[in-house]
Amino acid sequence: GEEKPTPPVTLGDGRLLRDGRPFFVIAAPYHGEDPALLRRLGFNVIWIPDYSDKALLDRLKAEGIGAMAKPPAEAVEPPDRPGAESRYSVGLPQFSHETENILIWTLGCEVQPQALASVRAAADAVRDADPFRRPVFADVAGRAREFHRSLDLLGVSRHSMHTTLSPLQHAQWLEGAQLQALRGKPTFTWVFIEPNAAQLSARPPEADPPVVEFEQI
């Protein structure tokens, strides 16, 4: 039979591995920056808006940067409805070799607990369609252990900029969140460098936006 392609990223000893070596993800969403600049800033994974954007995937690959992308499945954030899994029952078309620089599939951020069944169905559909067997990731807002059973990489994040939460308290919160994850499977967190929407909406329209200083990051 046809030989299966080698996965660009694998799981081992509770970590992500690339070429058999531990791979520590330093990621950011893509906002049109030059990939060469992103490489100089130290990023090794960029979340791109369109998984099929081959031109961008090639530009990132030329700089030694992998990609993270949402698969072509319906969003998983809305609460589940009866029969929600049937949205994925027909499966997805197999991903082509043009997507090989995508290292991680993401199913979203701050995914709510009500979307657990949708995430399970989406993760299964992605794995069935992916000959590269790449890790499936989601950042969740609850039921971490249950989500982690269906995910290869679990994200748990919290806004702390311009709040009363100190860096030490944030670190302690992350340690507690990690205890809710499955042992032996990797975890991830986003470091937010902008105020969240709730903080911005609570400020008077004429007020200057809050500024995040470098030392805070």
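Residues numbered from 1 in each chain as written. Predicted model: local features only at pLDDT ≥ 70, side-chain atom pairs only at ≥ 80, totals over all residues. Heavy atoms only, no water.

Student: Can you walk me through the sheet that holds strand β8 (residues 136–139) in this structure?
Tutor: Judged by pairing direction, the sheet is parallel, and its seven strands sit side by side in the order β4-β5-β6-β7-β8-β9-β10 without closing on themselves. With partners counted over all chains shown, the strands left at the sheet margins are β4 (27–29) and β10 (187–188), one partner each. Bridge count between strand β5 (residues 45–47) and strand β6 (residues 66–69): three bridges; the pairing is parallel. Along β6, the bridge assignment pairs Ile 46 with Ala 67. (Pairing = 2+ DSSP bridges. Helix = DSSP H or I, 4+ residues; strand = E, 2+ residues; numbered from the N terminus.)

Student: Got a minute to help me understand the side chain of Asn 44 in this structure?
Tutor: Inspection of the secondary structure assignment puts Asn 44 in the loop between α1 (35–40) and β5. A polar side-chain atom of Asn 44 sits 2.8 Å from the main-chain amide nitrogen of Ile 26. Dropping the residues within four chain positions of it, Asn 44 is found in contact with Phe 23, Phe 24, Val 25, Ile 26, Ile 65 and Gly 66. (Polar contact = N/O pair within 3.5 Å; in protein donor to acceptor, adjacent residues only side chain to side chain. Contact = heavy atoms within 4.5 Å.)

Student: Looking at this structure, I do not really get the pairing of β6. What am I missing?
Tutor: In the case of a regular strand, side chains alternate between the two sheet surfaces. Burial along β6 is two-sided: the face carrying Gly 66 and Met 68 and the face carrying Ala 67 and Ala 69 are both buried. Crossover connection from β5 via helix α2 (residues 54–62) to parallel β6: handedness right-handed. Note that β6 and strand β7 (residues 102–106) share three bridges and pair parallel. Pairing of Ala 67 across the sheet is with Ile 102, part of β7. (Buried < 20%, exposed > 50% of the residue type's maximum accessible area, 1.4 Å probe, protein only. Right-handed = clockwise from strand over helix to strand, strands pointing away.)

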